Amino acid sequence: MSANNLPRHIAIIMDGNGRWARNLGMTRIRGHIRGVNSVRDITTECARKHLEQLTLYAFSKENWSRPRYEIGLLMRLLKRYLIKERPTIKDNNIRFTVIGQIEGLPEDVRKEIAINIEESKSNTGMILCLALNYGGRAEIVDAAKAIASDVAKGEMSLDEIDEDTFKHHMYTADMRDPDLLIRTGGDMRISNFLLWEISYAELWVTPVYWPDFKKEHLEEAIREYGSRERRYGGLIE
Ligand code: IPE
Ligand code: IPE
Ligand code: MG
């Protein structure tokens, strides 16, 4: 496969932790715990492949509607992950970042996020971006508010607003759009992930639950991506 046909930015909707556990007669919580292993494996593999960016949907704005004990566990797991994965980030020269309404996360989690961002800011390898308390519609509303505020302050005129203006007000302002969007767990939906950014991403859905998602599944997705023809509404000669 030529370098041209390799995705530079992969985004993943890591779904199916609960069903994975239930199928094995365990509580949903075990699924989330096992899901962290897949995060580590896939992150390391993507860094090894010199991917430019890996964006992982870890907690949506809508996930707050889950039972309190599950949310509590997810936040504790997230905090533990942020601390425990520091060597992985360092050893793989990964630059860690986040998107979403981070201010809505518990204070202790925010603190660990800030440390990971600071400690990895001069790393020059792959960007690992966690989507936390993230909602695609919320992101667009936040961008619209920021643009409206610029206009109200007279810093921008209405006529100047174009797609680039929106791009630069998204949480992903300085990132390239995902080339490949993977969803595990089999559901053929977007669940409010990166609505603006995925307009021309290639989609790949696998029935494999996230805790079972391994290097070979990633390879399969990348292979399939390589066989797609991206036309962006145009024609290929
Ligand atoms: C994905 O797995 C993890 C999060 C959304 C945090 P789920 O918890 O959604 O697992 P299923 O989809 O119920 O199997
Ligand atoms: C999407 O999965 C969110 C994350 C993977 C963090 P969900 O399990 O929340 O999505 P729905 O509810 O099936 O659409
Ligand atoms: Mg789910």
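Thresholds, definitions, all that
- Residues numbered from 1 in each chain as written.
- Chains lettered and ligands numbered in written order.
- Predicted model: local features only at pLDDT ≥ 70, side-chain atom pairs only at ≥ 80, totals over all residues.
- Heavy atoms only, no water.
- Helix = DSSP H or I, 4+ residues; strand = E, 2+ residues; numbered from the N terminus.
- Pairing = 2+ DSSP bridges.
- Axes fitted to C-alpha atoms, helices over the stretch in contact; angles between N-to-C directions.
- Near = heavy atom within 4 Å.
- Polar contact = N/O pair within 3.5 Å; in protein donor to acceptor, adjacent residues only side chain to side chain.
- Areas by Shrake-Rupley, 256 points an atom, 1.4 Å probe, with all protein chains shown as cover.
- 1 Å grid on protein atoms, 1.4 Å probe; cavity = no way out; pocket = protein on both sides within 12 Å on 5 of 7 lines; lining within 4 Å.
- Sits in = over half its atoms within 2 Å of the grid points.
- Nonpolar A, V, L, I, M, F, W, Y, C, P; charged D, E, K, R; others polar.
- Points joined across faces, edges and corners; volume = space filled by probe spheres on them.
- Expected span 1.5 Å × (residues − 1).
- Buried < 20%, exposed > 50% of the residue type's maximum accessible area, 1.4 Å probe, protein only.
- Contact = heavy atoms within 4.5 Å.

A. Region of interest: unusual backbone geometry. The backbone phi angle of His50 is positive, close to 60°, even though this residue is not glycine. Take His50: it is sitting in the loop between helix 2 (28-48) and strand 2 (53-60). The backbone of Tyr232 sits at a positive phi, close to 50°, despite the residue not being glycine. One can find Tyr232 in the segment after helix 8 (215-226).

B. Structural view of the sheet that holds strand 6 (residues 202-205). Here six strands make up an open sheet; going across it, the order is 3-4-2-1-5-6 and the pairing parallel. Every other strand in the sheet has two partners, leaving strand 3 (95-99) and strand 6 as the edge strands with one partner each. If you compare each strand with its neighbour and ignore which way they point, the axes differ by 20° on average. Alignment of strand 2 against strand 4 (residues 127-134), held across seven bridges, turns out to be parallel.

C. The arrangement of the site of ligand 2 in detail. Close contacts around ligand 2 come from Ile13, Met14, Asp15, Tyr57, Ala58, Phe59, Ser60, Asn63, Arg66, Arg183, Arg189 and Ser191, and that covers them all. Take Arg66: an N or O atom from its side chain is 3.2 Å from an oxygen atom of ligand 2. At a separation of 3.5 Å, an oxygen atom of ligand 2 approaches a polar side-chain atom of Arg183. In isolation ligand 2 exposes 390 Å². Once the protein is present, 77% of that is buried. Using a 2 Å cut-off from the grid points, one finds that ligand 2 occupies the largest pocket. Of all the elements, strand 2 adds the most residues to the shell around ligand 2, at four residues. When its residues are assigned to classes, the shell around ligand 2 shows five nonpolar, three polar and four charged.

D. A look at empty space enclosed by the protein. Taken as a whole and assessed by the stated rule, the structure comprises one cavity of 30 Å³ or more. Empty space within the largest cavity amounts to approximately 50 Å³. As for the largest cavity, its lining consists of His9, Gln53, Thr55, Ile99, Lys167, Thr172, Met175, Arg176, Asp177, Pro178, Leu194 and Glu197. In the lining of the largest cavity, the residues fall into four nonpolar, four polar and four charged.

E. Layout of helix 6 (residues 136-152). Here helix 6 spans 24 Å end to end across 17 residues, near enough to the 24 Å set by a 1.5 Å rise per residue. Within helix 6, burial applies to Gly136, Ala138, Glu139, Ala143, Ile147 and Asp150. Where the residues of helix 6 are buried, they touch strand 4 and helix 7 (163-167). Positioned one or two residues after helix 6, Gly154 has a phi angle of 80°, which is positive.

F. Representation of the layout of surface pockets within the structure. Reported here for the largest pocket is a volume of approximately 730 Å³. Lining the largest pocket are 33 residues; nearest its centre among them are Met14, Asn17, Tyr57, Ala58 and Asn63. Listed by contribution, the elements that provide at least two residues to the lining of the largest pocket are helix 1 (17-23), helix 2, strand 2, helix 3 (68-84) and strand 4. Partitioning the lining of the largest pocket into residue classes produces 16 nonpolar, nine polar and eight charged.

G. Representation of the environment of Asp159. Tracing the backbone through its elements, the reader meets Asp159 in the loop between helix 6 and helix 7. When its relative accessible area of 77% is taken as the criterion, Asp159 is described as exposed. Considering only alpha carbons, one finds Asp159 and Leu24, 135 residues apart in sequence, at a separation of 57 Å.

Purely spatial values, then, with no claim about function.
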